[in-house]
Amino acid sequence: MDLLRANLARVRIPEPTNRIYKHECCISFDTPKSEGGLYIDMNTFLAFGKDCVGWNFEKTGNPVYLHIRQTRKLVCEDRPLKKPTLLAIGVDGGFDNNEPEYEETKNIVILPDYVTLPFPSVELPEKVRLAVDAILMAEGAERKEQVASWTADKKHVSEYALNLQQLDNGVIIQPSGWKCAKCNKTENLWLNLTDGMILCGRRNWDGSGGNNHAIEHFKETGYPVAVKLGTITADLDAADVFSYPEDESVLDPLLAQHLAFFGIDFSSLQKTEMTTAERELDQNTNFDWNRIQESGQEILPLFGPGYTGLVNLGNSCYLAATMQVVFSTRSFCSRYYMTQSLKKAFEAAPADPTVDLNTQLAKLAHGLLSGKYAVPAPEKEDTTNVANATPIAKQDGIPPRMFKGVIAASHPEFSTMRQQDALEFFLHFIDQVERVNAGKPEFDPSTSFKFGIEERLLCPSGKVAYNRRHDYILSLSIPLHLATNKDEIEAFHKSKAERDRQGKEVRSTDEIVRPRVRLVDCLRSFVAEEEVHDFYSNELKAKVTATKTAGLISFPDYLVLHMRKFVMEAGWVPKKLDVYIDVPDTIDISDMRSKGIQPGEELLPEPVAEDMAEPKVLADDDIVSQLVSMGFNNLHCQKAAINTSNAGVEVAMNWLLSHMDDADIDAPISQEPQSVDQSKVDTLVSFGFQEDVARKALKASGGDIEKATDWIFNPTNVSSSSDMDVSSSTTSIADSPLPDGGGAYRLMGIVSHIGTSTHCGHYVAHINKDGQWVIFNDEKVGVSKNPPKDMGYLYVFERLNS
């Protein structure tokens, strides 16, 4: 006690603004449940495991710690399960995870001799008791970035349902025998609650579902609310009610009244159809989910170094899958594990290691690669295989909370709890690693992914221009016209068309024939010639159609291929291509190396200032005169025509009506280049692009949304007159050494995506380790019997020694 009193000056009582860590060590994944418990520094409020607390004492001299240790209680095996009241796991009212219960002990420990004093104790100084109480009562900093519970989205009451007007047209709906009024469909039928029309629902991505007659009826009539027949039972809240203006499932508190209007007695009806949400889940489960997660197969669990799973934090499967692949590369293993001990990383860290990327990368590397946490978890009641009564060992995995907090701090999307795109995360991660290693290229592991791309533009004048840039991924379009199973696809579509005429659906997703495209054809499409329209030639002083080819000027140690499975359909609707990619175990891209400027080629002249200036757009006289005839101000009409690129009277009028209150609407027309139409910016933002990128893309593509989208994915596709700095890009490549070698590669990792959009669904990684394929599905790690090589979103190839 005297020793504690002698060190009272090093004890602080935390204030509400202090960040208090009490659930996880800041430089390892030890917790209060770990064998040595957790030590909380009572000066900095950082937490340390038993192997790390001594390092903190050496670095800071802080001697007083609150030691918390939780040990598992023995409970009765036949304890009753609580009935869930909420569609959630691990929260009050949710499903009982059968989690073990723990008893907690707390002590005050004084280093370096580990003098231990029990807490609570009346003999402890008041300052210490107040400090401990404040620490225990405070919400831990780890918990402030809460794990998102799996909780179903609550439907809201639709105002369209509350104010629904029903037509007294004598329609009486029979209790069975329903059929679409416009086709022969007898499934997926929707009753419009305004006029009583029974029509089929939307067509699904796999061709099943309906023929879109219900949505077409809404577009024709504006009748807003429909209920899915077959989902109506005595439990009206479970019925699938859809509001077309709101484009989502809703609640109709007056549903009983609305059904009675058409003679429907809901109390006697039985459920015969899946709801929209159930069908979507069923489709994913039956196809993508089963194939990618290897469901239905008994997966042999793996443990030990390199086989540690990552706990899903609610939406972090994109992070888990990506980081498992990254830390399977020699470059990242060497940088953050082989050559850097945890102690060394901590000694070099700032006062708060939880906000330092290098420290958290070292922590994550040691957590994944040391094998310390890849051990069988204590068995629960649900870990027994009933068929053979053999325990199935699993691991708990490690939660990458601190790493996610650091890597997401500089990104507005990754800091949210929403699902994200694994490709965007990989590029953001690589950018952050490159930044923290700036000026130390010998320590930067991100360079192992880095390569140069050279694009050659041939002008009709015969002269050429070369653009160079760095990249970390090779983004490949998928040439569906080169599918190797065209005959099977054609036969399937003929069969499906016949079933549609008969009102039948495809019986199972296994019967669906999907295009198969070879990876080599995707690679060839990258280097193939393509036309670039509206290319401004400094030689001809005009916009022309140029020919573009591309190649690589270096081959990285690790080649990441991104398959462009997400495209825009007509009407700018995002769609995921339902396609297989035939990927071999090895590839050779030697023929993709760029040859550079060739003998006899003449370069296009450098643009002069007047060439680089954007041409001024003049208002179309016909559009202006028609708007003026409607009573609008002439100056306003000119601005409307200019800001919509003379797209037409209707477009210009819409712009005018939405900008009448602009502060500068009466200002003279500027001689500066035209502004970008905000509505088009908003359209691109709705696709998931950042506003500044969308604005730049529209500017570079003359306001054309389609060209702007293409520009975002490949900035040189549109025109060399974009504000892309060709010369500076070339210079940076010349100044930055890139890894290079032969073009032969071996497939070592796959990141696959389940779902209809990159912003929903699930990511899983498959990695070739120690001569076998391994599946990393969040915290579940095991031998992969059938890796989905043809279903990848990202493919990672390792260069073979040459």
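Residues numbered from 1 in each chain as written. Predicted model: local features only at pLDDT ≥ 70, side-chain atom pairs only at ≥ 80, totals over all residues. Heavy atoms only, no water.

1. A short note on the overall build of the protein
Consideration 1: Check the secondary structure of the protein and you find 24 helices and 28 strands.
Consideration 2: For the protein, the residues scored as buried account for 48% of the 802 residues in total.
Consideration 3: Counted over contacts in the protein with a minimum sequence separation of 6, partners at least 24 positions apart contribute 68%.
Consideration 4: For the protein, the computed accessible surface area is about 38800 Å², with 52% contributed by carbon and sulfur atoms. (Helix = DSSP H or I, 4+ residues; strand = E, 2+ residues; numbered from the N terminus. Buried < 20%, exposed > 50% of the residue type's maximum accessible area, 1.4 Å probe, protein only. Contact = heavy atoms within 4.5 Å. Areas by Shrake-Rupley, 256 points an atom, 1.4 Å probe, with all protein chains shown as cover.)

2. A short note on the packing of aromatic side chains
Consideration 1: A complete count under the given rule lists 17 aromatic pairs for this structure.
Consideration 2: Grouping aromatic residues by their ring pairs yields a cluster made of Tyr-318, Phe-327, Phe-332, Tyr-336, Phe-403, Phe-425, Phe-426, Phe-429, Phe-449 and Tyr-558.
Consideration 3: In this structure, Lys-33 packs its charged tip against the face of Tyr-102, placed 4.9 Å from the ring centre.
Consideration 4: Directly above the ring of Tyr-307 sits Lys-769, whose terminal nitrogen or CZ lies 5.8 Å from the centroid. (Phe/Tyr/Trp six-rings, centres within 6.5 Å; stacked < 30°, edge-to-face > 60°. Lys NZ or Arg CZ within 6 Å of the ring centre and 35° of its normal.)

3. Structural notes on unusual backbone geometry
Consideration 1: That bond from Leu-111 to Pro-112 is cis: its omega, 10 degrees, falls within 30 degrees of zero.
Consideration 2: Here Pro-112 lies in the loop between β4 (102-110) and β5 (115-119).
Consideration 3: Cis peptide bonds are those with omega within 30 degrees of zero, and the linkage from Phe-119 to Pro-120 qualifies with 0 degrees.
Consideration 4: Here Pro-120 is to be found in the loop between β5 and α3 (126-137).
Consideration 5: Unusually for a residue other than glycine, Tyr-114 sits at a positive phi of about 55 degrees.

4. Some points on the sheet that holds strand β14 (residues 464-471)
Consideration 1: Sheet architecture is open: 4 strands sit in the order β14-β13-β18-β17, paired in antiparallel fashion. Strand pairing shows two members of the sheet lacking a second neighbour, β14 and β17 (530-537), which therefore form its edges. The average angle at which neighbouring strand axes cross in this sheet is 35 degrees, direction not considered.
Consideration 2: When strand β13 (residues 451-458) meets strand β18 (residues 542-552), the two strands line up antiparallel, connected through 6 bridges. (Pairing = 2+ DSSP bridges. Axes fitted to C-alpha atoms, helices over the stretch in contact; angles between N-to-C directions.)

5. What to know about the confidence of the model for the protein
Consideration 1: Summary statistics for the protein give a mean pLDDT of 81 and a share of 77% for residues scoring 70 or more.
Consideration 2: Low pLDDT, under 50, characterises residues 144-153; the stretch is placed with 23 contacts to residues that sit more than four places away or in other chains.
Consideration 3: For the stretch residues 280-287, pLDDT sits under 50, and the model shows 19 contacts to residues farther than four places along the chain or on other chains. (pLDDT = per-residue confidence, 0-100.)

6. Things to note about the pattern of salt bridges
Consideration 1: Evaluation of the coordinates by the stated rule reveals 31 salt bridges.
Consideration 2: With a closest N to O distance of 3.2 Å, Asp-247 and Arg-202 form a salt bridge. Of this pair, Asp-247 sits in the loop between β9 (241-243) and β10 (248-250) while Arg-202 sits in the loop between β7 (198-200) and α6 (213-221), and the two are 45 residues apart along the sequence.
Consideration 3: For Asp-247, a relative accessible area of 49% gives the class partly exposed.
Consideration 4: A relative accessible area of 39% places Arg-202 in the partly exposed class.
Consideration 5: In this structure, the salt-bridge partner of Asp-585 is Lys-789, at a minimum N-O distance of 2.6 Å. Placement of the pair is Asp-585 in the loop between β22 (580-582) and β23 (586-588) and Lys-789 in the loop between β27 (780-783) and β28 (792-799), with a sequence separation of 204 residues.
Consideration 6: The class for Asp-585 is partly exposed, based on a relative accessible area of 45%.
Consideration 7: A residue is classified by how much of its surface remains accessible, and Lys-789, at 22% relative accessible area, is partly exposed.
Consideration 8: Salt bridges here are not isolated pairs; linked through shared partners, they connect Glu-455, Arg-469, Asp-471, Glu-530 and Lys-548. (Salt bridge = Lys/Arg side-chain N within 4 Å of Asp/Glu carboxyl O.)

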